[in-house]
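# Observations on the model geometry
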Amino acid sequence: MAVWQAALIIALTCSFIIALFLIGFSVRLVDATDHAIKVNKNVMAIYTDELYTGGRYFAGLGYDFIRFTRRQKMIVFSNTIGHTSVQTTVNSSGDSNETTTTTTAISPQFTEEATYQNGITARTSEGLLITIDAAVFYKIGTTDSPGQKAAQILDIYAKFGDNYEFPVIALTEGLIQDVASRYQAYQFFTNRQEVQDAMETELRTSMNDLGFALACLDILNLNFDPSFQQAVEQAQIVVENTLTEQANYDTIQVQAATRVAAASIDAEIIILNAQTNSNITYLNKQAIANSTTQTASLKIAGLGALSGYLGFSESEILDFLWIYYQIYYPSSANLNMGIIKPGALKNYP
C-alpha cells in the first residue's frame, strides 16, 4: 500500500470520528414533560419562533434548549406537612435512639414532587396572629398558542432565570397576608370558603400577569393561638346547639300545624256529611210528597172522568165508592173512605 493511500485512510477515519462527535454534540433531547426554546450559545441569541416539546432535535453545534416543565407544579406552605420530624426513643439501658421520619402531602391525583415551604404567618383585621397552611397548583404559561407560550417562557427566563418558583412563592405569601388582614379572626371559621375564594381570585390575576396559570389555591389548615381556637370551638358548639334546638322547635311547630289542619279537615268532612244527609233526606221527602201529590191528582182526574162518563156528580161518585168498599173491602173501607156515611145514606142504618 502506498503512503498516500494510508494517509487518505487515516484522514477519512479521523473525519468520520470527528463528524460523529460533531453530530453527537449537535443533537439535543427535550423531555416529554418539558417545553423548550432554542438558544445559540455561540452568539448568545434566543429564538422564540418555535416551541419545542418532547423528542430529539438536531439543534446544531453550540445550540441548546432552555427547558421549562409542562406538568402542573405544586407548592405546599406548612410547618408540618412535608417537613422532617425527629422522634427520640429511650431503651432499657438508658441510651437514646433518634428516628427520623418525613411526612409528604402529595395529593393522589398528582405524581410530581411538590415544593415545601413554611406556613404563611399573617394577621387578621384585629391584629391576631394566624398561621395558614395552603397549597398552590399552577402551570407555566397562560395560553395554548405555541408562539405566545414561547414568548412567555422567554419573558419568565429573562426575569427570573431558572429559579421561576421564587416569584410564585413570594407572590403567594404576600397576597395571602394581604387578604387575611381584611377579615376578622372569626370569619376564617364561619366564612372560610369566602376567604379562600378571595385569596385565589387575587392570586390568579397576579400570577397571570407574570405568565403563570393558577389552577387552584386550597387552604389546608388554620392555626390561631390555642386559647382563641378553644373559644371559637366552644362558640361553634353553642351555635350548633342553638341550631339543633331551633330545628326541634320548627319540627314541633310543623307537627302542631299539621294536627290543626287535620282537625279542620275532619270538621269540614263532618259538616259536609251532615249537609249531604240533610239534602238526601229532604230530596227523599220531597220525592214522596211529589209522588203523593201526583197520585192524588191522578185519582181526582180519574174520578172527574168517571163522573162525566156516568153522568154522576162528584158527591154521587163518592157515595158509590163508599158503598163499593163497604161491600167488597169491609176491612179497609174505613181506612180508604172514612167512617162517615154519605149524605144519601144517612137515613139508612
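This text goes with the structure placed above it.
The paragraphs below set out a description of the structure included in this document. Note on numbering: residues in each chain are counted from 1, in written sequence order. For this predicted model, a pLDDT threshold of at least 70 governs which residues receive local features, and a threshold of 80 or more governs which side-chain atom pairs are given and counted, while totals over whole chains, interfaces and linings are taken from all residues. Neither water nor hydrogens contribute to the side-chain values; these are computed over all heavy atoms in the structure.

## Quick word on the overall build of the protein
Put simply, DSSP H or I for four residues or longer makes a helix, DSSP E for two residues or longer makes a strand, and each gets a number counted from the N terminus. Scanning the protein from N- to C-terminus turns up eight helices and 12 strands. Only protein chains enter the accessibility calculation, which uses a 1.4 Å probe; a residue is then buried when its area is under 20% of its type maximum, exposed when over 50%, and partly exposed in between. The proportion of buried residues among the 349 residues of the protein is 26%. Across the protein, every contact between residues at least 6 apart in sequence was considered, and the portion connecting residues at least 24 apart equals 63%. For the protein, the exposed area adds up to about 22900 Å²; of that, 57% sits on carbon and sulfur atoms. By the convention used here, residues are in contact when the closest approach between their heavy atoms is within 4.5 Å. In short, Shrake-Rupley with a 1.4 Å probe defines the accessible areas, and a residue's cover is counted only from the protein chains shown.

## Examining helix 3 (residues 165-180)
What a helix should span is 1.5 Å times the count of its residues minus one. Compared with the 22 Å implied by 1.5 Å per residue over 16 residues, the 22 Å span of helix 3 between its first and last C-alpha is a close match. Among the residues of helix 3, E165, P167, V168, I169, T172, L175, I176, V179 and A180 are the ones counted as buried.

## So, the nonpolar core
A general trend in soluble globular proteins is that nonpolar side chains are found buried together. Here the nonpolar core consists of buried residues drawn from Ala, Val, Leu, Ile, Met, Phe, Trp, Tyr and Cys, with membership extended through side-chain atoms lying within 4.5 Å. The biggest cluster of nonpolar side chains holds 38 residues, and the ones touching the most others in it are I132, Y138, F188, M199 and F212. Contact partners of F212, with chain neighbours within four places excluded, come to Y138, K139, I140, G141, T142, I156, Y164, V168 and M207. Judged by nonpolar contacts, the second largest core, of six residues, contains M74, V76, I81 and A135.

## Describing the pairing of strand 10 (residues 120-123)
Side chains I120 and A122 of strand 10 all project onto a buried face; the interleaved residues T121 and R123 project onto a face where none is buried. Two strands pair when backbone bridges link them, and strand 10 and strand 11 (residues 129-140) are joined in this way by four bridges, in the antiparallel orientation. Considered in strand 11, the bridge of T121 is made with T131. Between any two strands, at least two bridges found by DSSP are needed for them to pair. The loop that links strand 10 with its antiparallel partner strand 11 comprises five residues; one of these, G127, has a positive phi angle of about 95°.

## A few points about helix 2 (residues 146-160)
For helix 2, with 15 residues, the first-to-last C-alpha span of 21 Å sits near the 21 Å given by 1.5 Å per residue. Among the residues of helix 2, those classed as buried are K149, A150, Q152, I153 and I156. Buried residues of helix 2 fall within an arc of 160° about the axis and therefore sit on the same side. Note on helix 2: the residue one or two positions beyond its end, G161, has a positive phi of about 65°. This arc corresponds to the set of directions leading from the helix axis out to the C-beta atoms.

## What about the packing of helix 3 against helix 5 (residues 192-210)?
For helices, the axis comes from a line fit to the C-alpha atoms of the stretch in contact; other axes are also lines fit to C-alpha atoms, and the angle between any two N-to-C directions lies between 0 and 180 degrees. At a minimum axis distance of 9 Å, the contact between helix 3 and helix 5 shows a crossing angle of 145°. In this structure, the crossing between helix 3 and helix 5 has a hand that is right-handed. Packed against helix 3, whose contacting residues are V168, L171, T172, L175, I176, D178, V179 and A180, the element helix 5 presents V195, A198, M199, E202, L203, S206, M207 and L210 at the interface. Charged residues are taken to be Asp, Glu, Lys and Arg, nonpolar residues to be Ala, Val, Leu, Ile, Met, Phe, Trp, Tyr, Cys and Pro, and polar residues to be all remaining types, Gly included. Partitioned by chemical class, the residues of the contact of helix 3 with helix 5 number 12 nonpolar, two polar and two charged. The crossing is said to be left-handed when, going from far helix to near helix, the turn is anticlockwise and less than a right angle, and right-handed when the turn is clockwise.

## What about the environment of Q177?
Along the chain, the position of Q177 falls in helix 3. Spatially, the C-alpha atoms of Q177 and I120 are 7.5 Å apart, while their sequence positions differ by 57 residues. If we skip the residues at most four places from it in the chain, Q177 touches I120, T121 and A122.

## A short note on the pattern of salt bridges
Salt-bridge detection follows one rule: a side-chain nitrogen of Lys or Arg within 4 Å of a carboxyl oxygen of Asp or Glu. Within this structure, the stated rule accounts for five salt bridges. Among the ionic pairs, K73 bridges to E165, the shortest N-O distance being 3.6 Å. Placement of K73 in strand 6 (residues 73-77) and of E165 in helix 3 is noted, with a sequence separation of 92 residues between them. When sorted by exposure, K73 lands in the same class as E165, which is buried. Overlapping salt bridges, with partners in common, bring together D178, R182 and E202 in one network.

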